[in-house]
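# Breakdown of the fold
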Amino acid sequence: MSAMPHTTSADGTTIAFSTTGSGPAVILVDGALCHRRFGPSGAVAKALADRFTVFTYDRRGRGESANTPSTPDREVEDLAAVIEAAGGSAYVCGVSSGAALALEAANRGVRIRKLALYEAPLIVDAAREPIGPEYLAQLRALVAEDRRSDAVRLFMKAVQVPAIFVALMRLMPSWSSMKAAAPTLVNDVALVEPYWRGKALPADRWSAVAVPTLVLDGGKSPAWMRNAQHALASVVPHATSRTLDGQTHMVSAKALAPVLAEFFAG
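Residues numbered from 1 in each chain as written. Predicted model: local features only at pLDDT ≥ 70, side-chain atom pairs only at ≥ 80, totals over all residues. Heavy atoms only, no water.

## Some words on the overall build of the protein
Scanning the protein from N- to C-terminus turns up ten helices and eight strands. At 17 Å, the protein has a C-alpha radius of gyration in line with the 18 Å of a compact globule built from 266 residues. A principal-axis box enclosing the C-alpha atoms of the protein has dimensions of 45 × 40 × 35 Å. Put simply, of all contacts in the protein between residues at least 6 apart along the chain, 73% involve residues at least 24 apart. As displayed, the protein offers around 11300 Å² of accessible surface, 56% of which is attributable to carbon and sulfur atoms. (Helix = DSSP H or I, 4+ residues; strand = E, 2+ residues; numbered from the N terminus. Rg over C-alpha atoms; globule rule 2.2 N^0.38 Å. Contact = heavy atoms within 4.5 Å. Areas by Shrake-Rupley, 256 points an atom, 1.4 Å probe, with all protein chains shown as cover.)

## Comments concerning helix α1 (residues 41-48)
Along an α-helix, residues three or four positions apart point the same way, because every turn accommodates 3.6 residues. The set of residues buried in α1 consists of S41, V44, A45 and L48. All buried residues of α1 fall inside an arc of 100° around its axis, so they share one side. Residues of α1 that are buried make contact with β2 (14-21), β3 (25-29), β4 (53-57) and α10 (253-265). (Buried < 20%, exposed > 50% of the residue type's maximum accessible area, 1.4 Å probe, protein only. Arc of directions from axis to C-beta.)

## Re the pairing of β3
With five of its five residues buried, β3 lies for the most part within the structure. Along β3, one buried face is formed by A25, I27 and V29 and the opposite face, lined by V26 and L28, is buried too. In this sheet, β4 lies alongside β3 in parallel orientation, the contact comprising four bridges. Note that in β4 the partner of V26 across the bridge is V54. What joins β3 to β4 is α1, and the crossover it makes is right-handed. Inspection of the sheet shows β3 paired to strand β5 (residues 90-95) by four bridges, in the parallel sense. Its bridge partner lying in β5, L28 is registered against C93. (Pairing = 2+ DSSP bridges. Right-handed = clockwise from strand over helix to strand, strands pointing away.)

Function cannot be read off these values alone, since they describe shape.
Here it is in structure tokens:
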């Protein structure tokens, strides 16, 4: 994967990105704690490179991008800057909270040609317990106190990673990378936590999305996650839904990439 220096967001923040392949531009938007060198985007980019020029980027505060004051609004501007660097428009795929960010960008008129969303973490019914507004306040407090491990653990609890797995993860080298990105969890949670209450999604929340949208879920993901994707597809204009058999929230590039290639090329 060939490195490119950076692009500059609206507030002057430098956003690092890389490209691979050739063809129409596709931008991959990572979920919580991930960046170009830590997470699923690299494998997906490689799998798409025979048909597309694939852009992966470090969301601000992660990897090689600048760590400047951040809000979801600024992150929308960052994605817009990467799209501008890609030629002014692009296909976009967001995964997990990256799906929520990509969807918000499309809703604000960022120049996205087609939009693919994999398992935005929303809670829309009683299939799992809801999460109240105190969660985000607690996360902000942990970040403000620089209690990064505690912030990561709190996030893992919300996404239902078993405690034993979290304990094992703390012994792995990847825990340092997650701790480094812990402050960025505030943005990821802020994007989705209004829709963690176990209630139906607002019918008009994303009514300004004007591009074809594919909402994806994994066939082995829990019912609450799958239900949320079907609900999201029902309220986003021009959206269709599809289930990837055998997949969980940790979707494999082998399963995801062919579906993206078909959708973006269609």
